[in-house]
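# Reading the structure
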Amino acid sequence: MTDISRHTRPVILGQNQYGKAENRVVKITRDGDTHHIKDLNVSVALSGDMDDVHYSGSNANVLPTDTTKNTVFAFAKEHGIESAEQFGIHLARHFVTSQEPIHRARIRIEEYAWERIATSDANSKFIGSDEVRHSFARKGQELRTTQITFDGENWEVISGLKDLTVMNSTNSEFWGYVKDKYTTLKEAYDRILCTDVSAAWRYNWTSDEERMPNWEKSYEQAKKHILQAFAETYSLSLQQTLYQMGSRVINSRSEIDEIRFSLPNNHHFLVDLEPFGLKNDNEVYFAADRPYGLIEATILRDGVEPRIPVDMTNL
């Protein structure tokens, strides 16, 4: 007999959130003639007592998304942007503590880095060239990221980076792997190892009662250890390199308990130059953009529960 009762049960509302996504805010700090730039892309997501707006359309508990946008820009003036993390913390605290229906705020931020343009020295024929402190070039390396979540009591800060392209032109091998009737890949004892690093690390700061990390220093140090581990690991697999990168961060930065990587293996294939009577001694490669191997893993401090989402595309 078919149980038709399950078809007549009421429909209920599940997880929901709303807010203004991708607010592009640029803050210029003028320190005399020397200027500083913070360039952020801020997305706000709020959740809480929002049943009525979904069931009946009542907006009584709804703070307009336009207001959340305005708050981002106003806070850039009122609080400044010391770091992406600190700015996100200010925003999350404000939305949860100022709006009773809001129980949880998630702030996602991407930061675009700029570097000062080096100008002519003081002996230049261009008058005043040594006084230029307001010209910048956008950095083309990585995109800095952070996600701040606050529920009124507990904080979760997951920061990281993406699109940091790195390459080792040697000290990488790949051999001894499983082979079946579909395997055509030749074993490599000297290969290029190249990847676009996407990393997210979770801080163990969760309460206002705890000492807050130095967000700027922590980011620079985490990035440094990632790069140094990549450069200094003689790699027999990208997985091995990934583990070394994560281990270096966990062992070196006490404020970080968990780090997750998503590393595409940007394949470089030796070009067959024999038809032209030329020997290719690991010199000329074809850089293939797809398909690519995708290596992902989380590295944890012992005894810590994983909390970074496994699907990095959702970060």
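Report on the accompanying structure. The model shown is predicted, which means the values in this text are computed figures rather than measured ones.

## A look at the nonpolar core
- With 53 residues, the main nonpolar core has V42, F87, I107, V197, W201, I226 and F261 as its most contacted residues.
- No other element matches helix α3 (residues 84-98), which puts 7 residues into this core.
- In contact with I107, other than residues within four places in its own chain, are V42, S43, V44, G88, L91, A92, F95, T146, Q147 and I148.

## Looking at the environment of E274
- Checked against the element boundaries, E274 lands in the loop between β10 (268-270) and β11 (285-287).
- Judged by relative accessible area, which is 66%, E274 ranks as exposed.
- It is 53 Å that separates the C-alpha atoms of E274 and A84, two residues lying 190 residues apart in sequence.

## Observations concerning the sheet that holds strand β2 (residues 34-48)
- Strand order in the open sheet formed by 8 strands is β1-β2-β3-β6-β7-β8-β9-β12, and the pairing between neighbours is antiparallel. Strands at the two margins of the open sheet, each flanked by one partner only, are β1 (23-31) and β12 (293-300). Within the sheet, the average angular offset between the axes of one strand and its neighbour, ignoring direction, is 20°.
- Two elements, strand β6 (residues 143-150) and strand β7 (residues 155-168), share 8 bridges in a ladder whose sense is antiparallel. From the neighbouring strand, T146 faces β7, where its bridge partner is S159.
- Strands β2, β3 (102-112), β6 and β7 of the sheet are contacted by α3, whose axis makes an angle of about 160° with β3.

## Here's the deal with the packing of helix α4 (residues 215-232) against helix α5 (residues 238-252)
- It is the contact of α4 with α5, at a shortest axis distance of 8 Å, that shows an interaxial angle of 140°. Comparing the axis directions of α4 and α5 gives the class oblique. Handedness of the α4/α5 crossing: right-handed. Contacts between α4 and α5 pair A222, H225, I226, Q228, A229, F230 and E232 from the former with T241, Q244, M245, R248, V249 and S252 from the latter.
- Residues belonging to the contact of α4 with α5 are distributed by class as follows: 6 nonpolar, 5 polar and 2 charged.

## Considerations on the pattern of salt bridges
- What the rule picks out here adds up to 17 salt bridges.
- The closest approach of N and O atoms between K38 and E111, which form a salt bridge, is 3.0 Å. A residue pair is termed long-range when its members are at least 10 positions apart, and K38 in strand β2 and E111 in strand β3 qualify at 73 residues. We note that K38, like E111, is buried.

## Regarding the side chain of T233
- Its location among the elements puts T233 in the loop between α4 and α5.
- Owing to a relative accessible area of 9%, T233 belongs among the buried residues under this scheme.
- Of the polar contacts made by the side chain of T233, one reaches the backbone oxygen of A229; its length is 2.6 Å.
- Apart from residues lying up to four places away in sequence, T233 is in contact with N171, Q240, T241 and Q244.

## Things to note about helix α2 (residues 65-78)
- In this model, α2 (14 residues) spans 20 Å end to end at C-alpha, consistent with the 20 Å of a helix rising 1.5 Å per residue.
- Among all positions of α2, only T68, T71, V72, F75 and A76 are buried. Mapping the buried residues of α2 onto a view down its axis gives an arc of 135°, with all of them on the same face. With respect to the buried face of α2, the exposed residues turned more than 90 degrees away are K77 and E78.
- Looking at the packing, one finds that the buried side of α2 touches β1, β2 and α3.

## Concerning a negative patch on the surface
- Taken together, the side chains of D49, D51, D52 and E100 define an acidic patch exposed on the protein surface.
- Structurally, E100 can be placed in the loop between α3 and β3.
- Given the relative accessible area of 74%, E100 is considered exposed.

## Re the environment of G32
- As for its position among the elements, G32 is in the loop between β1 and β2.
- G32 sits in the exposed class, given a relative accessible area of 57%.
- It is 9.4 Å that separates the C-alpha atoms of G32 and R133, two residues lying 101 residues apart in sequence.

## Notes on the packing of aromatic side chains
- Under the counting rule described, the total for this entry stands at 7 aromatic pairs.
- With a centroid separation of 5.9 Å and 80° between ring planes, the pair formed by W205 and W215 is classed as edge-to-face. One end of the pair, W205, is in the loop between β8 (193-203) and α4; the other, W215, is in helix α4, and 10 residues separate them in sequence.
- Exposure remark for W205: the relative accessible area of 1% places this residue in the buried category.

Parameters and conventions
- Residues numbered from 1 in each chain as written.
- Predicted model: local features only at pLDDT ≥ 70, side-chain atom pairs only at ≥ 80, totals over all residues.
- Heavy atoms only, no water.
- Core = buried A, V, L, I, M, F, W, Y, C linked by side-chain atoms within 4.5 Å.
- Buried < 20%, exposed > 50% of the residue type's maximum accessible area, 1.4 Å probe, protein only.
- Helix = DSSP H or I, 4+ residues; strand = E, 2+ residues; numbered from the N terminus.
- Contact = heavy atoms within 4.5 Å.
- Pairing = 2+ DSSP bridges.
- Axes fitted to C-alpha atoms, helices over the stretch in contact; angles between N-to-C directions.
- Parallel < 35°, antiparallel > 145°, perpendicular 65-115°, else oblique.
- Left-handed = near helix turned anticlockwise from the far one by under 90°.
- Nonpolar A, V, L, I, M, F, W, Y, C, P; charged D, E, K, R; others polar.
- Salt bridge = Lys/Arg side-chain N within 4 Å of Asp/Glu carboxyl O.
- Polar contact = N/O pair within 3.5 Å; in protein donor to acceptor, adjacent residues only side chain to side chain.
- Expected span 1.5 Å × (residues − 1).
- Arc of directions from axis to C-beta.
- Patch = residues over 30% accessible without salt bridge, like charges linked within 9 Å, V, L, I, M, F, W, Y side chains within 5 Å.
- Areas by Shrake-Rupley, 256 points an atom, 1.4 Å probe, with all protein chains shown as cover.
- Lys, Arg positive; Asp, Glu negative; His and termini not counted.
- Charge placed at Lys NZ, Arg CZ, Asp CG, Glu CD.
- Phe/Tyr/Trp six-rings, centres within 6.5 Å; stacked < 30°, edge-to-face > 60°.

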